[in-house]
Amino acid sequence: MPISKLRKRDVIIAGGGPAGIIAAIAAARNGADTLLIEQNGYVGGTAAMGLPMLSFHNNRGEQIVAGIPWELITRLKEMDEAVVVRMAGGSSSAGAGGGAQRNALYKGGSVYAAMSVPVRPEAFKYAAWKMLEEAGVEVLLYTYVTRVVSTGGKVTGIVLENKSGRQRVDGKCIVDCTGDGDVAALSGAPFEKGRSADGVTQPLTMLFVLGGIDLDRAEAEGVAVRRNMEVVDSPVWQSFYRKYDIRLDRWKDRLLKDFPRSGVDKGFILRYWGDGVCYGGNMLHVPYYDASKGEELSRAVVEGRNLVWNLVRFMRENVPGFDRVHLVNTYNIGVRESRRITGHYLLTYEDVIEARRHEDDIALNGYFVDIHDYDGSWFHLPDRGTQIKDYGSYGIPYRCLLPQSVDRLLVAGRCLSTSHEAHASARVMGTCMAMGQAAGTAAALSVRGRTTPRALDSKKLLEALEAQGAMVR
Ligand SMILES: Cc1cc2nc3c(=O)[nH]c(=O)nc-3n(C[C@H](O)[C@H](O)[C@H](O)COP(=O)(O)OP(=O)(O)OC[C@H]3O[C@@H](n4cnc5c(N)ncnc54)[C@H](O)[C@@H]3O)c2cc1C
């Protein structure tokens, strides 16, 4: 079948999640004719699933991600669709019974995330779209990247598929923000998956929205335990936003039997967004699927939806306050980890917990090493603990965005070059967006300077990023 050709672009961004959105805006603002390709009918990726954004601040409460990502958050805050939340006196993400156990095992303290930024998902999709439009990015939705065109170790274009059929689009520089590193893998770049012993990744999770919960009753009966936190800067959100650990320990034996390998016996997190609507499901696990394989991803979705549906029915029949609960929505299944592209620098566990900095750091991260257990049961704790030294921040070098063996290609977001343990820290959304700003800017500067991302002077990149408000030191 002949392949039609689209107009050649300066920069092509594959994947419109947190990293890809910001990469595309950054590339376009730096003068590049930019095309963003997204398989869904909206932009947002995992940011469109109602999760709070982490790592805009480190665990001392200092802001460490600014620039275009913070501009997007500021816009959402002005729309009253996002807010900054400070956890009072530290917090564990472990929910129900696992909290104390997990905190005891932390080396260096019990803080999970001192600050987070809850964002309404529909508003995220809308505001991100507006910023893409204003920057002049062209977006192709419902479009899947299926092949890479390259010559002499340089990527020169991609092949995509959508309702129009198969099309080729050439680009001077490509940025892979697919989360799974699809473009880099198709181009022959080396990658790793999962833990070093056997490649098993962190479990997947099907996030959901529930309605009809009587939270007052659930609280009174000890099923819903309210987190101690402060909504920092919005009287509107102060009036309704609450975060709960749902505790299901009293049904433990039955849950272990009916919902094995999901971790649900230890409970899960719900965030209350007013009007009886709760977003949540984080901590429900769907383990042992490789999300970079089509058939496994499909099976994981089926298992995840069955889990959620059966759990909601269980809660309706058994759990006080949930007798009128109903499932409003499930999302695409959430993937914590799949391919990690091997770059010119591999960020390590030691880099993370020792809060190391590098001379070509393009972003900072202050989130701990958060490994959900491989068998779905709960959390895995690495030998030297999970916390970053002094609750500080570490740097992500530009070289983590440069795949080995191929040029004119950058990666950004959760497919960056890290060890398995370091990935468990670097994968959070604030950091993915900051990487996106760096990758998009690097792509545009490479095109403008008639060079390649690998040959780009990283000092010039850092100067440009700082001039655009990004925090790199
Ligand atoms: C269950 C769960 C809970 C989490 N909790 C939090 C949290 O509370 N706070 C936090 O900050 N982070 C959290 N994370 C981590 C964070 O959400 C992700 O790591 C982050 O969103 C990754 O961003 P990304 O842009 O790299 O990838 P993604 O968000 O995965 O976006 C990738 C985009 O690329 C598109 N795409 C993929 N392949 C193709 C292709 N071949 N062609 C075209 N488009 C393609 C996808 O549709 C998607 O839009 C969580 C993750 C999961 C799974």
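Residues numbered from 1 in each chain as written. Predicted model: local features only at pLDDT ≥ 70, side-chain atom pairs only at ≥ 80, totals over all residues.

Novice: Explain the overall build of the protein chain to me, please; I cannot follow it from the model alone.
Specialist: Of the regular secondary structure elements, the protein chain holds 13 helices and 23 strands. Seen through its C-alpha atoms, the protein chain measures out along the principal axes to roughly 65 × 50 × 45 Å. For the protein chain, the proportion of its 473 residues judged to be buried stands at 55%. Long-range pairs, those at least 24 residues apart, make up 75% of the contacts in the protein chain between residues at least 6 apart in sequence. (Helix = DSSP H or I, 4+ residues; strand = E, 2+ residues; numbered from the N terminus. Buried ≥ 20, exposed ≤ 12 C-beta atoms within 10 Å, placed from the backbone. Contact = placed C-beta atoms within 7 Å.)

Novice: So what exactly am I meant to see when it comes to the site of the ligand here?
Specialist: In the region of the ligand, 37 residues are neighbours, and Gly 15, Gly 17, Gly 45, Gly 334 and Gly 413 sit closest. Secondary structure elements with two or more residues in the shell around the ligand: α1 (18-29), β7 (144-151) and α12 (429-448). In the shell around the ligand, the residues fall into 17 nonpolar, 14 polar and six charged. (Near = placed C-beta within 6 Å. Nonpolar A, V, L, I, M, F, W, Y, C, P; charged D, E, K, R; others polar.)

Novice: Just to check I follow, could you spell out the pairing of strand β2 (residues 9-14) for this structure?
Specialist: In regular strands, side chains alternate between the two faces of the sheet. Among the six residues in β2, six count as buried, and that is most of the element. Of the strand pairs in this sheet, β2 and strand β9 (residues 165-176) are connected by five bridges, and their pairing is parallel. Its bridge partner being in β9, Ile 12 is matched across the sheet by Ile 174. The pairing of β2 with strand β3 (residues 34-37) spans four bridges and is parallel. Looking across to β3, one finds that Val 11 is bridged to Thr 34. Regarding topology, α1 serves as the crossover connection from β2 to the parallel β3, and that connection is right-handed. (Pairing = 2+ DSSP bridges. Right-handed = clockwise from strand over helix to strand, strands pointing away.)

Novice: Whenever I open this one, unusual backbone geometry confuses me. Can you help?
Specialist: It is generally the case that most residues other than glycine have a negative phi and that most peptide bonds are trans. The backbone of Ser 55 sits at a positive phi, close to 75°, despite the residue not being glycine. Looking at where Ser 55 falls in the secondary structure, it is placed in the loop between β3 and α2 (67-78). Classification of Ser 55 as buried rests on a count of 30 C-beta atoms within 10 Å. In this structure, Met 283 is a non-glycine residue whose phi angle is positive, near 100°. Position of Met 283 relative to the elements: it lies in the loop between β16 (278-280) and α9 (294-318).

Novice: What exactly am I supposed to notice about the sheet that holds strand β5 (residues 115-116) here?
Specialist: Strand order in this open sheet of three strands is β5-β4-β13, and the pairing throughout is antiparallel. Both edges of this open sheet fall to β5 and β13 (229-231), since each of them pairs with a single strand only. Of the strand pairs in this sheet, strand β4 (residues 85-87) and β5 are connected by two bridges, and their pairing is antiparallel. By the bridge assignment, Arg 86 is partnered in β5 with Met 115.

Novice: Would you explain the sheet that holds strand β12 (residues 224-226) in this entry?
Specialist: Sheet strands associate in pairs through backbone hydrogen bonding, adopting either a parallel or an antiparallel arrangement. Across the sheet, which stays open at both edges, the six strands sit in the order β12-β14-β15-β16-β11-β17 with antiparallel pairing between neighbours. On the outer flanks of this sheet lie β12 and β17 (326-330), each paired with one strand and no other. Put simply, the sheet's adjacent strands are angled 30° from each other on average, direction ignored. The pairing of strand β14 (residues 242-246) with strand β15 (residues 268-272) spans five bridges and is antiparallel. Opposite Asp 245, over in β15, you have Ile 269 as the bridge partner. (Axes fitted to C-alpha atoms, helices over the stretch in contact; angles between N-to-C directions.)

Novice: Honestly, the confidence of the model for the protein chain in this entry has me stumped. Any pointers?
Specialist: The predicted coordinates of low-pLDDT regions are not to be read in fine detail. Per-residue confidence for the protein chain gives a mean pLDDT of 93; residues scoring 70 or more make up 95%. Scored below 50 in pLDDT, residues 90-110 shows 46 contacts in the model against residues more than four places distant or in partner chains. (pLDDT = per-residue confidence, 0-100.)

Novice: How should I be thinking about the nonpolar core in this particular structure?
Specialist: Core analysis: the biggest nonpolar cluster contains 150 residues, and Ala 23, Leu 401, Ala 412, Met 435, Ala 438 and Ala 443 have the highest contact counts within it. For this core, the element with the highest residue contribution is α12, accounting for 12 residues. When residues are assigned to domains, this core turns out to be shared by domain 1 (4-82 + 117-196 + 337-366 + 386-467) and domain 2 (208-330), each giving three or more. Excluding anything up to four places from it in sequence, Ala 443 contacts Val 11, Ala 27, Ala 32, Cys 173, Val 175, Leu 410 and Pro 453. (Core = buried A, V, L, I, M, F, W, Y, C linked by C-beta atoms within 7 Å. Domains from an automatic or database assignment.)

Novice: In this structure, what is going on with the environment of Gly 274? I would like to understand it.
Specialist: Secondary-structure assignment places Gly 274 in the loop between β15 and β16. As for Gly 274 and Tyr 241, which are separated by 33 residues in sequence, their C-alpha atoms are 6.8 Å apart.

Novice: Is there a simple way to explain the environment of Arg 75 in this structure?
Specialist: Mapped onto the elements of the fold, Arg 75 is located in helix α2. Judged by the 17 C-beta atoms lying within 10 Å of it, Arg 75 is partly exposed. Between the C-alpha atom of Arg 75 and that of Ala 123, which follows or precedes it by 48 residues, the distance is 10.0 Å.

Novice: Just checking my understanding: could you explain the domain arrangement of the protein chain for this structure?
Specialist: Note: interface size is frequently given as the accessible area lost on complex formation between the parts. Domain boundaries in the protein chain define domain 1 (4-82 + 117-196 + 337-366 + 386-467) and domain 2 (208-330). Distance from the C-alpha centre of domain 1 to the C-alpha centre of domain 2: 30 Å. Domain 1 puts seven residues into the contact, and the matching count from domain 2 is nine residues. Looking at side-chain class alone, the side of domain 1 that touches domain 2 contains one nonpolar, two polar and four charged residues.

Novice: Looking at this model, I keep getting lost on the pairing of strand β19 (residues 361-365). Mind explaining?
Specialist: Taken across its five residues, β19 has five buried, putting it largely inside the fold. With four bridges joining them, β19 and strand β22 (residues 394-397) adopt antiparallel strand pairing. Residue Leu 364 lies in a different strand from β22, and its bridge partner there is Gly 395.

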